[in-house]
Amino acid sequence: MEETGQLRVESFEGFYRRVWDQIHRAVAVGIGSVDVASEAVDEAMVRVYERWTKVSAMANPEGWVYTTAMNRARSLLRRRKFRSNSHLPEIPFEDPQVVDPGLINAIRRLPFHQKEAIVARYLFDMSEAQMSEAFNLPKGTIKSRLHRGLQSLKEDLS
C-alpha cells in the first residue's frame, strides 16, 4: 500500500488479502453458513475486481464488499429456500479478537436485518448514511434496526 499525499493507493490483491477473512467471518455470522459466506464473498470480490478503480476510491470499500456479499448470500439462501437459522450448526471460529463467544451466538439469534445492520455499523464502521445508501433504505429504518438489534443483544447478554 502506498501513501500518495492523503490518497491511499492499494492494489486489489493487497485489499483482497487484507479484508477477505474479516468479511467472510462477518457474512458467516450474519447468515449462519460458512459455505454460503465463502461463495458470497468470492462473488463480491469478483465485482470489486471488475470495479476496482471506483471501489478503491470509496470512503469505506470494506463496507461496500460486506453489503454486496450479504446481498449475494441472501439471494443464495432464497434460491435454496433456506430461511431459518434454527437448524444451522454452530460456526467454528477460532478468532482471538472475539472475546465472548456468547456475543457471536447472540448476534446469530438476531433477525436478519438487525444482524446485518449491527455488523455493518460496528464491524465495518459504516455510518448510518453509508448504510442507508448501501441498503437503499431511509436513515430512520437503519436507526430503528440498530436500536432494536442493540436492545435485543443487551437483553440476550444480561
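Rules used in this analysis
- Note that residues are indexed from 1 along each chain, following the sequence as it is written.
- Owing to the predicted nature of the model, reporting of local features is limited to residues with pLDDT of at least 70; listing and counting of side-chain atom pairs is limited to 80 or more, with chain, interface and lining totals taken over all residues.
- Excluding hydrogens and water, the side-chain values take into account all heavy atoms of the structure.
- Fitted lines through C-alpha atoms serve as axes, helices being fitted only where they are in contact, and the angles separating the N-to-C directions of these axes extend from 0 to 180 degrees.
- Runs of H or I in DSSP of at least four residues are treated as helices and runs of E of at least two as strands, each being numbered from the N terminus.
- By definition in this entry, angles of less than 35 degrees are roughly parallel, angles greater than 145 are roughly antiparallel, angles of 65 to 115 are roughly perpendicular, and the rest are oblique.
- Here a crossing is called left-handed whenever its near helix is offset anticlockwise from the far helix by less than a right angle, and right-handed whenever the offset is clockwise.
- In this analysis, two residues are considered to be in contact whenever any of their non-hydrogen atoms come within 4.5 Å of each other.
- Three classes are used, and their members are as follows: Ala, Val, Leu, Ile, Met, Phe, Trp, Tyr, Cys and Pro are nonpolar, Asp, Glu, Lys and Arg are charged, and the others, Gly among them, are polar.
- Exposure categories follow from relative accessible area, calculated using a 1.4 Å probe and restricted to protein chains: below 20% of the type maximum is buried, above 50% is exposed, and the middle band is partly exposed.
- A helix's residues, less one, multiplied by 1.5 Å, set its expected span.
- Only Phe, Tyr and Trp rings are paired, with Trp represented by its six-membered ring, and only when their centres lie within 6.5 Å; those with planes under 30 degrees apart are stacked, over 60 edge-to-face, the remainder tilted.
- Here the nonpolar core consists of buried residues drawn from Ala, Val, Leu, Ile, Met, Phe, Trp, Tyr and Cys, with membership extended through side-chain atoms lying within 4.5 Å.

Attention shifts here to the packing of helix α1 (residues 12-31) against helix α6 (residues 112-122). With their axes 9 Å apart at the nearest point, α1 and α6 run at an angle of 160 degrees to one another. As judged from the angle between their axes, α1 and α6 are roughly antiparallel. The handedness of the crossing between α1 and α6 comes out as right-handed. Side by side, α1 and α6 meet where A26, V29, G30 and I31 of the first sit next to F112, K115 and V119 of the second. Among the residues making up the contact of α1 with α6, the classes are represented as five nonpolar, one polar and one charged.

Right, let's talk about the environment of H113 for a bit. Mapped onto the secondary structure, H113 falls in helix α6. For the pair H113 and L146, spaced 33 residues apart in sequence, the C-alpha to C-alpha distance is 9.1 Å. Residues within four places of H113 in sequence aside, it is in contact with R74 and R145.

Take α6 next. For α6, the full list of buried residues reads Q114, K115, E116, A117, I118, V119 and A120. Close packing links the buried residues of α6 with α1, α4 (61-79), α5 (101-109), α7 (128-135) and α8 (139-157).

Take α8 next. With 19 residues, α8 extends 27 Å from end C-alpha to end C-alpha; this agrees with the ideal 27 Å at 1.5 Å per step. Of the surrounding elements, those touching the buried residues of α8 are α5, α6 and α7.

Take unusual backbone geometry next. One can expect most non-glycine residues to show negative phi and most peptide bonds to be in trans. For D125, which is not glycine, the phi dihedral falls at a positive 55 degrees. By the element assignment, D125 lies in the loop between α6 and α7. Residue N136 is not a glycine yet carries a positive backbone phi of 55 degrees. You can see N136 is positioned in the loop between α7 and α8.

Turning our attention to the packing of aromatic side chains. Inspection of every chain in the model, using the stated rule, returns five aromatic pairs. Considering the side-chain rings of F12 and Y16, the 6.0 Å spacing of their centres and the 45 degrees angle between planes classify their relative orientation as tilted. Residue F12 and its partner Y16 are located together in helix α1, separated by four residues, close to a single helical turn. Taken together, a centroid distance of 5.2 Å and an interplanar angle of 70 degrees make the contact between F12 and Y49 edge-to-face.

If you look at the biggest cluster of nonpolar residues, it comprises 41 residues, and the most contacted ones within it are V27, I31, M45, Y66 and M131. Only α1, α2 (34-50), α3 (52-56), α4, α5, α6, α7 and α8 provide two or more residues apiece to this core. The element that contributes the greatest number of residues to this core is α1, accounting for ten residues. With residues up to four places along the chain from it excluded, the contact list for M131 reads A117, A120, R121, M126, N136, I142 and L146.

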